[in-house]
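The residues making up each chain are set out below.
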Amino acid sequence: MRVVVGVSGTPHGATALHRAADEARVRGADLWTVLAWKLPGHDPDRRETWRSTAVARLREILDEAFGPAGPGVPLAGLTALGSPGPVLVDVAQAPDDVLVVGTGTRRGLRRALAPSTARYCLTRAACPVLVVPPSPLEAALETVRRRNARGLPLDARELGAVRP
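Because the structure is predicted, anything quoted here is derived from the model rather than measured. (Residues numbered from 1 in each chain as written. Predicted model: local features only at pLDDT ≥ 70, side-chain atom pairs only at ≥ 80, totals over all residues. Heavy atoms only, no water.)

S.K.: Got a sec to walk through the pairing of strand β4 (residues 98-102)? Specific residues and values, please.
M.R.: Residues in a regular strand project their side chains so that they alternate between the two faces of the sheet. Burial within β4 is extensive, with 4 of its 5 residues counted as buried. Note: strand β1 (residues 2-6) against β4, 3 bridges, orientation parallel. Looking at β4, one finds that Val-5 is bridged to Val-100. When β4 meets strand β5 (residues 129-132), the two strands line up parallel, connected through 4 bridges. From the neighbouring strand, Val-100 faces β5, where its bridge partner is Leu-130. (Buried < 20%, exposed > 50% of the residue type's maximum accessible area, 1.4 Å probe, protein only. Helix = DSSP H or I, 4+ residues; strand = E, 2+ residues; numbered from the N terminus. Pairing = 2+ DSSP bridges.)

S.K.: I'd like to hear about the packing of helix α3 (residues 84-91) against helix α5 (residues 117-124), residue by residue, with values.
M.R.: The angle between the axes and the distance between the axes are what describe a pair of packed helices. Orientation of α3 relative to α5, taken along the N-to-C sense of each, is 35°, at an axis distance of 8 Å. In this structure, the crossing between α3 and α5 has a hand that is right-handed. Of α5, the residues touching α3 (which contributes Pro-84, Gly-85, Pro-86, Leu-88 and Val-89) are Thr-117, Tyr-120, Cys-121 and Arg-124. Here the residues of the contact of α3 with α5 sort into 6 nonpolar, 2 polar and 1 charged. (Axes fitted to C-alpha atoms, helices over the stretch in contact; angles between N-to-C directions. Left-handed = near helix turned anticlockwise from the far one by under 90°. Contact = heavy atoms within 4.5 Å. Nonpolar A, V, L, I, M, F, W, Y, C, P; charged D, E, K, R; others polar.)

S.K.: So, the packing of helix α1 (residues 11-27) against helix α2 (residues 47-66): which residues are in play, and what are the values?
M.R.: Where α1 contacts α2, the two axes come as close as 11 Å, and the packing angle between them is 70°. By the angle between their axes, α1 is roughly perpendicular relative to α2. Counting all contacts with α1, which are made through Leu-17, His-18 and Ala-21, the residues of α2 involved are Ile-61, Leu-62, Ala-65 and Phe-66. Looking at the contact of α1 with α2, its residues break down into 6 nonpolar, 1 polar and no charged. (Parallel < 35°, antiparallel > 145°, perpendicular 65-115°, else oblique.)

S.K.: Go over the nonpolar core, please, and point to the residues and values.
M.R.: Within the largest apolar cluster, 22 residues are counted, with the highest numbers of intra-cluster contacts made by Val-3, Val-5, Val-7, Leu-17, Leu-31, Phe-66 and Val-100. Elements represented by at least two residues in this core include exactly β1, α1, β2 (30-37), α2 and β4. Sorting elements by how many residues they give to this core places α2 first, with 6 residues. Discounting chain neighbours no more than four positions away, the residues touching Leu-17 are Val-5, Val-7, Thr-33, Ile-61, Leu-62, Ala-65 and Phe-66. (Core = buried A, V, L, I, M, F, W, Y, C linked by side-chain atoms within 4.5 Å.)

In structure tokens, the structure reads:
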């Protein structure tokens, strides 16, 4: 049995990664972390360089998330060339797998231009999919970023209402 999780190095990706580790512990499963990457431009000669960069980034993400102690379950890391949704669905093929994906804050133009990995996985995965929403703290930080970008005043009492 495996818990497969997509990692990206973003705050909502970290939330999903920790939730996947919790699922793996509860289920007695292995934790498979998957970092999908794309080859920038059309330079196949640099493919190995970009693959090495993706492997290093995955190690960095796992070190930041779990430290030297690790997640407390058997851990496997995989980097794969491709878009996150198709890569995750290809990896999590067994019926007893569980696929964990995070949802980011998708508003406005980003929502229109970038396909949703979570939606892709929900509609195509052959196994159960656990979709993890952003943490309340991440939502509060996104609110602060939007207010700052618009030049609106920030009321510190709004942040005090956030419960992790």
